[in-house]
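# Commentary on secondary and tertiary structure
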Amino acid sequence: MSYRRKVSWLGLVAACAALPTLALGDSAHDKLARDVDRAESMRAVKNLQRTYAQYSQYGLWNEMAQLLPAMPASSSTTKP
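What counts and how
Residues numbered from 1 in each chain as written. Predicted model: local features only at pLDDT ≥ 70, side-chain atom pairs only at ≥ 80, totals over all residues. Heavy atoms only, no water. Helix = DSSP H or I, 4+ residues; strand = E, 2+ residues; numbered from the N terminus. Buried < 20%, exposed > 50% of the residue type's maximum accessible area, 1.4 Å probe, protein only. Expected span 1.5 Å × (residues − 1). Salt bridge = Lys/Arg side-chain N within 4 Å of Asp/Glu carboxyl O. pLDDT = per-residue confidence, 0-100.

## A short note on the overall build of the protein chain
For the protein chain, the helix and strand inventory stands at three helices and zero strands. Written out in order from the N terminus, the α and β elements of the protein chain read α-α-α. Considering the protein chain as a whole, with its 80 residues, one finds that 1% of them fall into the buried category.

Listed below in structure tokens is the structure:
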């Protein structure tokens, strides 16, 4: 394979690899917003875990129950 053909092939591969990011329009602002949202979600989960464990340790069962949303007993009993 000639040098020119290799360079053309690599350019084509690089362009195809860049297409998903161009199509999604991920700007630096979008990436930052996504990362901040993920960090906030992780912090909320960790906070819930700590609170749940502390309530469990002290036997605060009613408070533990209020931390989680009401869920149906099974999915077969609920109708869409």
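Alright, that's what it looks like, and here's the rest.
## Quick word on the environment of L48
Among the structural elements, L48 can be located in helix α2 (residues 28–57). Note on L48: relative accessible area 36%, which makes it partly exposed. When the C-alpha positions of L48 and L67 are compared, they lie 7.7 Å apart, and in sequence the two are 19 residues distant.

## Let's talk about α2
For α2, built from 30 residues, the straight-helix expectation of 44 Å at 1.5 Å per residue is met to within 8% by its first-to-last C-alpha distance of 43 Å. Backbone geometry just after α2 places G59 at a positive phi near 70°.

## Section: the pattern of salt bridges
Scanning all chains against the criterion turns up one salt bridge. One salt bridge in this structure joins R34 and D35, with 3.7 Å as the shortest N-O distance. For D35, a relative accessible area of 40% gives the class partly exposed.

## Here's the deal with the confidence of the model for the protein chain
Scored by pLDDT, the protein chain comes out at a mean of 76, with 55% of its residues at no less than 70. For the protein chain, per-element mean pLDDT is lowest for helix α1 (residues 3–24), which scores 56, and highest for α2, which scores 93.

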